[in-house]
Amino acid sequence: MIGVFDSGVGGLSVLRALHAAIPGTPLCYVADSAYAPYGERPTAEVLVRSALIAQHLVSLGAAGIVVACNTATAIAIDHLRARWPNLPVVGIEPGLKPAIAATRNRRIGVMATPATLASAPFAKLAAAQADGAFVLLQPCPGLAQHIETGDLDAPELIALVRRFCEPLRDAKVDTVVLGCTHYPLIARHIQAAVGPHVTLIDTADAVASHAARRFGSNLDACGPSAANPMGIELLSTGDPAALRKIAAAWLPFAASVARVELSQPAARAA
Ligand code: DGL
């Protein structure tokens with residue numbers, strides 16, 4: 001089984017691509033919806049949650065992990081790789097490189113969580129990939145949280161999208177990076193807000209192809225799970241209703257959905 005996790009429902013955009021890239025491989029997805037949004041939480045908390053979820057996936061027999069969350073990748077992937085050195089761990093980061101390849105006027109916008117945009121890995125990525133282009137960083141606090149409700153056409157959500165897209169329109173960017181895995185779920189609203197001539201960049205397919213190559217022979221160890229003959233299991237630490245709703249609309253395959261309790265073990269007394 002390959003383990004996949006996100007702060008919530010956003011990583012389903014990556015799960016769909018992953019299923020297409022490695023069809024038949026059992027997948028177990030954890031949405032940490034009880035703790036979403038990660039992008040507005042302290043770094044230490046995102047680290048602890050990411051490690052706890054990875055630990056759970058490892059205990060279920062994961063042969064590899066996809067961190068389907070830009071925020072958790074920026075904050076926790078080095079820690080996960082250090083803790084499980086023999087486990088392939090693939091992450092996702094805002095698609096600056098494909099944006100540079102796609103832009104015609106060399107004006108790019110990046111929509112992401114405040115934590116991703118403030119992270120050192122993002123600063124490094126931007127320095128390495130921006131290639132002198134104008135890059136407008138647009139933090140979107142509250143957006144992932146709205147998406148978590150499962151009502152992707154709520155007027156408040158659409159109003160928030162318009163608000164965050166206004167500076168991008170004003171700056172006349174022609175390419176916008178969806179730097180949070182929640183945002184592809186509302187790409188149609190973002191596209192409507194920035195205009196039809198703007199290219200949206202979602203790296204889910206690229207991450208899925210990279211994961212397929214990276215996991216390589218580990219995939220042979222991913223036998224079907226007897227507990228879940230469908231092979232795709234979705235777990236939520238919060239109310240699974242939103243996960244179920246978005247999975248039904250977004251995934252082209254059936255998957256079981258259940259709640260999982262993942263709390264930090266209480267500190268041991270000295
Ligand atoms: N989906 C996540 C990401 O890609 C984060 C959303 C959040 O919990 O803030 O960054």
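Our subject is the structure listed above.
Residues numbered from 1 in each chain as written. Predicted model: local features only at pLDDT ≥ 70, side-chain atom pairs only at ≥ 80, totals over all residues. Heavy atoms only, no water.

How do you make sense of the overall build of the protein chain when you look at a structure like this?
Of regular secondary structure, the protein chain possesses 11 helices and 10 strands. Relative to the globule expectation of 18 Å for 270 residues, the C-alpha radius of gyration of the protein chain, 18 Å, shows essentially globular dimensions. With the C-alpha coordinates of the protein chain rotated into their principal frame, the extents come out at 50 × 45 × 35 Å. Split into buried and exposed, the 270 residues of the protein chain put 56% on the buried side. Of the contacts made within the protein chain by residues no fewer than 6 positions apart, 77% connect residues no fewer than 24 positions apart. As displayed, the protein chain has an accessible area near 11600 Å², and 55% of this comes from carbon and sulfur atoms. For the protein chain, the distance from the average site of its 21 positive side-chain charges to the average site of its 20 negative ones is 4 Å. (Helix = DSSP H or I, 4+ residues; strand = E, 2+ residues; numbered from the N terminus. Rg over C-alpha atoms; globule rule 2.2 N^0.38 Å. Buried < 20%, exposed > 50% of the residue type's maximum accessible area, 1.4 Å probe, protein only. Contact = heavy atoms within 4.5 Å. Areas by Shrake-Rupley, 256 points an atom, 1.4 Å probe, with all protein chains shown as cover. Lys, Arg positive; Asp, Glu negative; His and termini not counted. Charge placed at Lys NZ, Arg CZ, Asp CG, Glu CD.)

Looking at this structure, I do not really get the pattern of salt bridges. What am I missing?
In a structure, side chains of opposite charge can pair up when their charged atoms sit close to one another. Within the structure shown, the criterion is met by six salt bridges. For D174, the salt bridge goes to R104, with nearest N and O atoms at 3.7 Å. In this pair, D174 is assigned in the loop between α8 (155–170) and β7 (175–178) and R104 in the loop between α4 (96–102) and β5 (107–112), connecting sequence segments 70 residues apart. You can call D174 buried: its relative accessible area is 6%. A residue is classified by how much of its surface remains accessible, and R104, at 58% relative accessible area, is exposed. A salt bridge links R188 to D153, with the shortest nitrogen-to-oxygen separation between them at 2.8 Å. Of this pair, R188 sits in helix α9 (residues 187–194) while D153 sits in the loop between α7 (143–148) and α8; the two residues are 35 residues apart in sequence, bridging distant segments of the chain. By relative accessible area, which is 44% here, D153 ends up partly exposed. (Salt bridge = Lys/Arg side-chain N within 4 Å of Asp/Glu carboxyl O.)

Explain the sheet that holds strand β8 (residues 199–201) here, please?
Where strands meet in a sheet, backbone hydrogen bonds hold them as pairs that are either parallel or antiparallel. Ordered in space as β6-β5-β7-β8, the four strands form an open sheet in which the pairing is parallel. Lying at the two open borders of the sheet, with one neighbouring strand each, are β6 (134–139) and β8. Across this sheet, the average inter-strand angle for adjacent strands is 20 degrees, counted without regard to direction. Pairing of β7 with β8, which is carried by three bridges, proceeds in the parallel orientation. Pairing of T175 across the sheet is with T199, part of β8. (Pairing = 2+ DSSP bridges. Axes fitted to C-alpha atoms, helices over the stretch in contact; angles between N-to-C directions.)

I keep staring at the site of the ligand and nothing clicks. Help me out?
Near the ligand lie 13 residues; those nearest to it are S7, Y38, G39, T71 and H182. Within the backbone of Y38, an N or O atom sits 2.6 Å from an oxygen atom of the ligand. Across the complex, the protein chains shield 100% of the 300 Å² of accessible surface that the ligand would expose by itself. The residue makeup of the shell around the ligand, split by class, is five nonpolar, seven polar and one charged. (Near = heavy atom within 4 Å. Polar contact = N/O pair within 3.5 Å; in protein donor to acceptor, adjacent residues only side chain to side chain. Nonpolar A, V, L, I, M, F, W, Y, C, P; charged D, E, K, R; others polar.)

Would you mind showing me how to read the side chain of S236 here?
Its place among the elements puts S236 in strand β9 (residues 232–236). According to the relative accessible area criterion, S236 is buried, its value standing at 0%. Not counting chain neighbours up to four residues away, the residues in contact with S236 comprise A31, S33, L243, A258, R259 and V260.

Which parts of the structure should I look at to understand the packing of aromatic side chains?
Between two aromatic rings, the relevant description is the distance of the centres plus the angle of the planes. Across all of its chains, the model carries zero aromatic pairs by this definition. Looking at R16, its charged tip hangs above the ring of W250, at a distance of 4.2 Å from the centre. The positively charged end of R107 is found above the aromatic ring belonging to F134, 4.1 Å away from the centroid. (Phe/Tyr/Trp six-rings, centres within 6.5 Å; stacked < 30°, edge-to-face > 60°. Lys NZ or Arg CZ within 6 Å of the ring centre and 35° of its normal.)

When you look at the nonpolar core in this model, what are you seeing that I'm missing?
Generally speaking, nonpolar side chains in soluble globular proteins are found buried as a group. Core analysis: the largest hydrophobic core is formed by 55 residues, its most contacted members being L12, L15, M111, L143 and L234. Element by element, the count of residues in this core is highest for α8, at six residues. The residues contacting L12, other than those within four sequence positions of it, are Y29, L234, L243, I246, A247, W250 and L251. (Core = buried A, V, L, I, M, F, W, Y, C linked by side-chain atoms within 4.5 Å.)

Looking at this structure, how should I read the pairing of β7?
Strand residues, when the strand is regular, have side chains that alternate between the two faces of the sheet. Taking every second residue as pointing to the same face, both faces of β7 are buried, with T175 and V177 on one and V176 and L178 on the other. As paired strands, β5 and β7 are joined by four bridges and run parallel to one another. Paired with I108 across the two strands is T175, which belongs to β7. In this view, the connection linking β7 to its parallel neighbour β8 by way of α9 has right-handed handedness. (Right-handed = clockwise from strand over helix to strand, strands pointing away.)

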